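Examination of the molecular architecture
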Amino acid sequence: MEGIFTVKKAASAMNGEVLNCGDCGDSVIKSVSTDTRTIDGGALFFALHGENSDGHRFIKAAAEAGAVCCVADDLSEVPQGTAVIKVENTNRALLDLAGAYRREMKIPVVAVTGSVGKTSTRGMIASVLSQKYKTLATEGNFNNEIGVPHTLFRMNKNHEIAVIEMGMNHFGELSRITAAVRPETAVITNVGEAHIENLGSREGILKAKLEILEGLPHDGTVILCGDNDMLWSVSGKLDFETIYFGMNNPKCDLIAQNIKAYADGSEFTFKYEESEYKVNISIPGVHHIYNALAAIIVGVKYNVPIKDIITGIREFTPDGMRQKAVKMGEYTVIMDCYNANPTSMRSGLEVLSLSNGGRKVACLGDMMELGTISAEAHRGVGEAVNEYGIDVLITVGERAKLIAEGAKKAGMSDGAVYSFDTIEQLSEKLYDILKPNDVMLLKASRSMKLERIAEFMENNK
């Protein structure tokens, strides 16, 4: 964080009141922390309200660790004499301060959201822009009302452009986040079923995703997937320059052609200004072509040469637990444990179906937040398991038993399907099921923590 905010200026940005500060009002804030373990001299500590803890209990520790001031909305936990900025709500105040800080940084921002693929799309766009610009990008899963501020505070005078990922699961979240981020370009990858339990319907999800546009200037640009029925339904209805990409919809502005899929990647061609270009993607899965198309449009908008755009796409690799193939002894494990919904499940199965090696084993867990469509969605994934020619299906969790049910109904033999209630139960039988050279996909909603299976394998080679 650039030292451009004093305690008094920060308080003003958050509509807060400085208390017990003495002469610290003119102290420069050098960093922002929500975790006492990260505090150093000059830090502003936010006492946030979490699902399982309240940061107000750590105000004393923050002050002792060297925080120049603390931000609180409940003074009962503030030790006497501790410098504090009193605000109405600390979580909202964090976003308010991040927005004020972002406005001091006069660089363009590309915002990315969507039901599926936003993280990979964000990464591919950042890889493309990095070919020409000093680029700031969201790291990990810092895409919510707490994570986005941390990304914004990482902006400094050396950055020339930023790519910010925005997640949501309730109405109003993207509205608040985009007000802080103020992007000039917004990318929406798709509208699927993720978080439908909270948003009611795909129409509700579309409405929530479109909140990202509230932060755009009048001359902003919106980039949408034209193969997605919900996003195509707003064609010609938005008050912004709107550019569509796709593989199947001939009315899109940018279309992938001559598509070829391989075990370790894919390729396609696209036309731009009467010339045709070939693009290679170094990670498996045809769905990554959508990410590449969005990245091409963003690259062109920000004047990245086409040859550098193609290089940026080729050099992109996913991070974290998203479709990473890892060799574990005699087996290959495709790690895709970050999240899951029906669309991303199919994408994972497609990647598995293209893999080289022995049998193709799908280890799938529960998908969360699907509301009334949950049973149908899980059975549908089971049908897809059979459709993609997967050799063995392993399910973990109560909901995932419906995946097994759907696979059997679609024609998969009973002897190729195994269901377990817990990861612990599966771990006891895993090596009885697997055979040397098997390729196994791990895919489930984040709360299932399916990566523990890979950890078990790593520790029991």
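Right above here is the structure, for reference.
Calculation rules
Residues numbered from 1 in each chain as written. Predicted model: local features only at pLDDT ≥ 70, side-chain atom pairs only at ≥ 80, totals over all residues. Heavy atoms only, no water. Disulfide = S-S within 2.5 Å. Buried < 20%, exposed > 50% of the residue type's maximum accessible area, 1.4 Å probe, protein only. Salt bridge = Lys/Arg side-chain N within 4 Å of Asp/Glu carboxyl O. Helix = DSSP H or I, 4+ residues; strand = E, 2+ residues; numbered from the N terminus. Axes fitted to C-alpha atoms, helices over the stretch in contact; angles between N-to-C directions. Parallel < 35°, antiparallel > 145°, perpendicular 65-115°, else oblique. Left-handed = near helix turned anticlockwise from the far one by under 90°. Contact = heavy atoms within 4.5 Å. Nonpolar A, V, L, I, M, F, W, Y, C, P; charged D, E, K, R; others polar.

1. Some thoughts on the state of the cysteines
- As enumerated under the stated definition, the model contains one disulfide in all.
- In this model, C21 is linked to C24 through a disulfide, with the two sulfur atoms separated by 1.6 Å. In this structure, the disulfide formed by C21 and C24 twists by about -115° around the S-S bond and is classed as left-handed.
- Taking the relative accessible area as the measure of exposure, C21 reaches 13% and is therefore buried.

2. Digging into the pattern of salt bridges
- Scanning all chains against the criterion turns up 18 salt bridges.
- In this structure, the salt-bridge partner of K307 is D308, at a minimum N-O distance of 3.2 Å.
- On the basis of relative accessibility, which here comes to 58%, the residue K307 falls in the exposed class.
- For D308, a relative accessible area of 18% corresponds to the buried category.
- Here E387 makes a salt bridge to R346, at a shortest N to O gap of 2.8 Å. Highlighted residues: E387 in helix α13 (residues 374-387) and R346 in helix α12 (residues 342-353), separated in sequence by 41 residues.

3. Some thoughts on the packing of α12 against α13
- Where α12 contacts α13, the two axes come as close as 10 Å, and the packing angle between them is 15°. One element, α12, and the other, α13, form an angle in the roughly parallel class. Here α12 and α13 pass one another in a crossing that is right-handed. Two secondary-structure elements touch here, α12 through P342, M345, R346 and L349 and α13 through A377, V381, A384, V385 and E387.
- Split by residue class, the contact of α12 with α13 holds seven nonpolar, no polar and two charged.

Honestly, it's all geometry; don't read function into it.
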